[in-house]
Amino acid sequence: KELSYIHAEGYAAGELKHGPIALIDRDVPVIVVAPHDALFDKTISNMHEVMARHGQILLLSDEQGIAEGSEGTRATLKMPSGGGAFRPILYTVPIQYLAYHTAVAKGTDVDQPRNLAKSVTVE
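Calculation rules
Counting of residues starts from 1 at the beginning of each chain's written sequence and follows it residue by residue. Restriction of local features to residues with pLDDT of at least 70 applies here, the model being predicted, together with a cutoff of 80 or more for giving and counting side-chain atom pairs; totals for whole chains, interfaces and linings are based on all residues. Based on all heavy atoms of the structure, the side-chain values leave hydrogens and waters out of the count. In DSSP terms, a helix is any run of H or I states spanning at least four residues, a strand is any run of E spanning at least two, and both are numbered starting from the N terminus. Contacts were defined at the residue level, with two residues in contact if any of their heavy atoms lie within 4.5 Å. Neither His nor the chain ends contribute to the count of charged residues, in which Lys and Arg are positive and Asp and Glu negative. Where a charge lies is defined by one atom per residue type, namely NZ (Lys), CZ (Arg), CG (Asp) and CD (Glu). We call a set of buried Ala, Val, Leu, Ile, Met, Phe, Trp, Tyr and Cys residues a nonpolar core when their side-chain atoms join them within 4.5 Å. Only protein chains enter the accessibility calculation, which uses a 1.4 Å probe; a residue whose area is less than 20% of its type maximum is buried, one above 50% is exposed, and one in between is partly exposed. The residues that make up patches have over 30% relative accessible area and no salt bridge, and they are joined within 9 Å when like-charged or within 5 Å when they are Val, Leu, Ile, Met, Phe, Trp or Tyr. For the accessible areas, the method is Shrake-Rupley and the probe is 1.4 Å, while residue cover comes only from the protein chains on display. By salt bridge we mean one thing: a side-chain nitrogen of Lys or Arg within 4 Å of a carboxyl oxygen of Asp or Glu. In the analysis that follows, any N or O atom pair within 3.5 Å is treated as a polar contact, provided that within protein one partner can donate a hydrogen and the other can accept it, and provided that, for residues neighboring in sequence, both atoms belong to side chains. Two strands pair if DSSP finds at least two bridges between them. Lines fitted to C-alpha atoms define the axes here, with helix axes fitted over just the stretch in contact, and angles between the N-to-C directions of these axes take values from 0 to 180 degrees.

Considering the overall build of the protein chain
1) Next: Looking only at helices and strands, one finds three helices and three strands in the protein chain.
2) Next: When the elements of the protein chain are put in sequence order from the N terminus, they spell out β-α-β-α-β-α.
3) Next: Projected onto its principal axes, the C-alpha coordinates of the protein chain cover approximately 50 × 35 × 30 Å.
4) Next: For the protein chain, the share of sequence-separated contacts (at least 6 apart) that also reach a separation of at least 24 residues comes to 57%.
5) Next: For the protein chain, the separation between the mean place of its 11 positive charges and that of its 15 negative charges on side chains is 3 Å.

Below is the structure:
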């Protein structure tokens, strides 16, 4: 949000039906983070709910997840399999790059976002 000046929020897939789904239409890109794990099927089910409302899906998953769940998505990004406890960090990196490159493409100053103060200040 603060780099590209595009409103964006992260939600757990299970929270989709508690409000965010009301915002979905063909102009709304949705990044779905779905490693092939115990919650994969539920996450893909929620992704299909977004697709039924014409949301544009970028699916981040491993090879097995893309093979099973990518039909109808706008784009996919294949992530490494495994990762264990480091998987959330691995999946965050491409999302951060997307935010950065979106901001650069829009011409915003990624080093000095407007109206933000440093988290540590000297008084």
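Here we look at the nonpolar core
1) Next: Within the largest apolar cluster, 13 residues are counted, with the highest numbers of intra-cluster contacts made by Val32, Met47, Ile57 and Leu59.
2) Next: The leading source of residues in this core is helix α1 (residues 40–52), at five residues.
3) Next: Beyond its immediate stretch of four places on either side in the chain, Met47 contacts Val32, Ile57, Leu59, Gly69 and Thr73.

Quick word on a nonpolar patch on the surface
1) Next: A cluster of nonpolar side chains, contributed by Phe86, Ile89, Leu90, Val93 and Tyr97, occupies part of the molecular surface with about 520 Å² of accessible area.
2) Next: Its place among the elements puts Tyr97 in helix α3 (residues 87–106).

Observations regarding the side chain of Thr108
1) Next: Within the fold, Thr108 resides in the segment after α3.
2) Next: Polar contacts involving the side chain of Thr108 include one to the main-chain carbonyl oxygen of Leu3, which spans 2.7 Å.
3) Next: Setting aside residues no more than four positions away along its own chain, Thr108 makes contact with Leu3, Ser4, Tyr5 and Ala103.

Re the sheet that holds strand β2 (residues 56–61)
1) Next: One open sheet holds the three strands; their spatial order is β1-β2-β3, and the pairing between them is parallel. The open sheet has two edge strands with one neighbour each: β1 (29–33) and β3 (75–78). The sheet shows a mean angle of 15° between the axes of neighbouring strands, direction not considered.
2) Next: As paired strands, β1 and β2 are joined by five bridges and run parallel to one another. Following the sheet pairing, Val32 is matched in β2 by Leu59.
3) Next: Sitting on the sheet, α1 touches β1 and β2, and the angle it makes with β2 is about 165°.
4) Next: The sheet contacts of α3 involve β1, β2 and β3, and relative to β2 the element is tilted by about 140°.

Function cannot be read off these values alone, since they describe shape.
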